[in-house]
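Structural characterization, general
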Amino acid sequence: MVSQLKVLHCNRKSLKGVTNPWFRWETCLRQIIIGHSQWSLESLPDSVDVYEAEEAYQFLVEVGCGLQSPMLGETEVFGQYKKFLSQIQSVATDQNKWLVDLLDNIRLDIKKIRNQYLVGLGSQSYGSLVRKKTKSASGISFIGSGQLVQEILPWVAKHPGHINVYCRHPEKYQQFAEQFQFAEWLNINSLENRCLLQEVVVICAPMTAVEIGSLLTNSNVELLTVIDLRGESSSDPISDVYRVESLEQLLSQIKNNRMQADQKVSQARGFIVQLFNNNSVYG
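Our subject in this report is the structure included herewith. (Residues numbered from 1 in each chain as written. Predicted model: local features only at pLDDT ≥ 70, side-chain atom pairs only at ≥ 80, totals over all residues. Heavy atoms only, no water.)

Describing the overall build of the chain
A count of helical and extended segments in the chain gives nine helices and ten strands. The burial tally for the chain puts 47% of its 283 residues in the buried class. Considering only intrachain contacts with a sequence separation of at least 6, the fraction spanning at least 24 residues in the chain is 61%. About 15,000 Å² of surface is accessible on the chain, with carbon and sulfur atoms providing 47% of the total. (Helix = DSSP H or I, 4+ residues; strand = E, 2+ residues; numbered from the N terminus. Buried < 20%, exposed > 50% of the residue type's maximum accessible area, 1.4 Å probe, protein only. Contact = heavy atoms within 4.5 Å. Areas by Shrake-Rupley, 256 points an atom, 1.4 Å probe, with all protein chains shown as cover.)

Let's talk about the nonpolar core
One finds L5, V7, I34, Y57, L60, V61 and L103 to be the most contacted residues of the largest nonpolar core, which totals 43 residues. Put simply, the parts of the chain that give this core at least two residues each are strand 1 (5–11), strand 2 (23–26), strand 3 (30–36), helix 1 (53–65), helix 2 (76–89), helix 3 (97–117) and helix 9 (247–273). The greatest single-element share of this core, amounting to nine residues, is contributed by helix 3. Among the nonpolar cores identified, the runner-up in size contains 24 residues, and L129, V149, L153 and F176 belong to it. (Core = buried A, V, L, I, M, F, W, Y, C linked by side-chain atoms within 4.5 Å.)

Section: helix 8 (residues 209–217)
Among all positions of helix 8, only A209, I212, G213, L215 and L216 are buried. Mapping the buried residues of helix 8 onto a view down its axis gives an arc of 160°, with all of them on the same face. Those residues of helix 8 that are exposed and angled more than 90 degrees off the buried face are V210 and T217. (Arc of directions from axis to C-beta.)

Observations regarding the layout of surface pockets
What the second largest pocket holds in volume is close to 190 Å³. Looking at the lining of the second largest pocket residue by residue, the class counts come to nine nonpolar, four polar and two charged. (1 Å grid on protein atoms, 1.4 Å probe; cavity = no way out; pocket = protein on both sides within 12 Å on 5 of 7 lines; lining within 4 Å. Points joined across faces, edges and corners; volume = space filled by probe spheres on them. Nonpolar A, V, L, I, M, F, W, Y, C, P; charged D, E, K, R; others polar.)

A few points about the pairing of strand 8 (residues 200–203)
Here strand 8 shows no split at all, with V200 and V202 on one side and V201 and I203 on the other all buried. As paired strands, strand 5 (residues 139–143) and strand 8 are joined by four bridges and run parallel to one another. Each bridged residue has a counterpart across the sheet, and for I143 the counterpart in strand 8 is I203. Alignment of strand 8 against strand 9 (residues 225–228), held across four bridges, turns out to be parallel. (Pairing = 2+ DSSP bridges.)

Quick word on unusual backbone geometry
For A53, which is not a glycine, the phi torsion comes out positive at approximately 55°. The topology assignment puts A53 in helix 1. Judged by relative accessible area, A53 falls into the partly exposed class, the value being 24%.

Observations concerning helix 3
Between its first and last C-alpha atoms helix 3 spans 30 Å; for 21 residues at 1.5 Å apiece the expected length is 30 Å, and the two agree. Along helix 3, the residues classified as buried are W98, L99, V100, L102, L103, I106, D109, I110, I113, R114 and Y117. On its buried face, helix 3 is in contact with strand 1, strand 2, strand 3, helix 1, helix 2 and helix 9. (Expected span 1.5 Å × (residues − 1).)

Some details on the environment of E199
The topology assignment puts E199 in the loop between helix 7 (191–194) and strand 8. Between the C-alpha atoms of E199 and G161, which are 38 residues apart in sequence, the distance is 9.8 Å. A distance of 2.8 Å separates a polar side-chain atom of E199 from the backbone nitrogen of S138. (Polar contact = N/O pair within 3.5 Å; in protein donor to acceptor, adjacent residues only side chain to side chain.)

Side note on the sheet that holds strand 8
The strand order across the open sheet built from six strands is 7-6-5-8-9-10, with neighbouring strands paired in parallel fashion. Whereas interior strands pair on both sides, the edge strands pair on one side only; in this sheet they are strand 7 (184–187) and strand 10 (243–246). Going from strand to strand, the sheet's axes swing by 20° on average, the running direction of each strand aside. Summarising the sheet, strand 5 and strand 6 (residues 162–167) pair through five bridges and their orientation is parallel. Bridged to G139 within strand 6 is H162. (Axes fitted to C-alpha atoms, helices over the stretch in contact; angles between N-to-C directions.)

Comments concerning the sheet that holds strand 1
Strands sit in the order 2-3-1-4 across an open sheet of four strands; the sheet is antiparallel. Lying at the two open borders of the sheet, with one neighbouring strand each, are strand 2 and strand 4 (49–52). Here the average twist between neighbouring strands, direction ignored, is 20°. Of the strand pairs in this sheet, strand 2 and strand 3 are connected by four bridges, and their pairing is antiparallel. Looking at strand 3, one finds that F23 is bridged to I34. Together, strand 1, strand 2, strand 3 and strand 4 form the strand contacts of helix 1, whose direction differs from that of strand 1 by roughly 50°. Packed on one face of the sheet, helix 3 meets strand 1, strand 2 and strand 3 and runs near 130° to strand 3.

This is the structure in structure tokens:
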């Protein structure tokens, strides 16, 4: 069965016009076309990656395991794969039953590899680390509205508490307010707004420790936790009146998590390479 497998891979905008009997699986980042190596196709653009036989099978397993994702080992893509599989199982025919069965076998391999090698990878980015550290907080305030905040916000989109973002000119960030509608965008220059600080404050703006201290003292929240992502967080520390985690501390945690994740990912990829050794299921 595997010898008949062919997979096309590209970004979501690169490949059009591929229809039945090919299967199309789309994720947030990519478009994957799956079918028989002998099924006809129009000419393909150079941006399309083509995999066949064992290489195609291994590629699908890697994608489903999250090994091709920006966040290694992330779980969402496996959920997307299972949804895709469920959809094609519901419309399977005699012509493509072999392929549906093969894709279900891939699901089982993904599940096995994830459970054996990709559990507990830890947080490997600012966003994932902030999400982990704020999951039990009643709310989160971001000081600043630049690129770093925009990268972190999607990670906390499902936080049950209140999220607000403080910036100096909120009117300039209307497009971001529309993109991140789960957050409230506030003018940091307003004393009234400063009283709305949440339990955890994430500093992403080039402010001095004195300026930050002045901002925090206006808050109605007594027990503030501060995540200080300024490059000067070590040389210009915030008052120890608050529970503060500096950029240096977070980078150290991310580095350690990535080292552990790299080891597990290496083991998982090694297992994937060995999938076909002495196993007739993949014949």
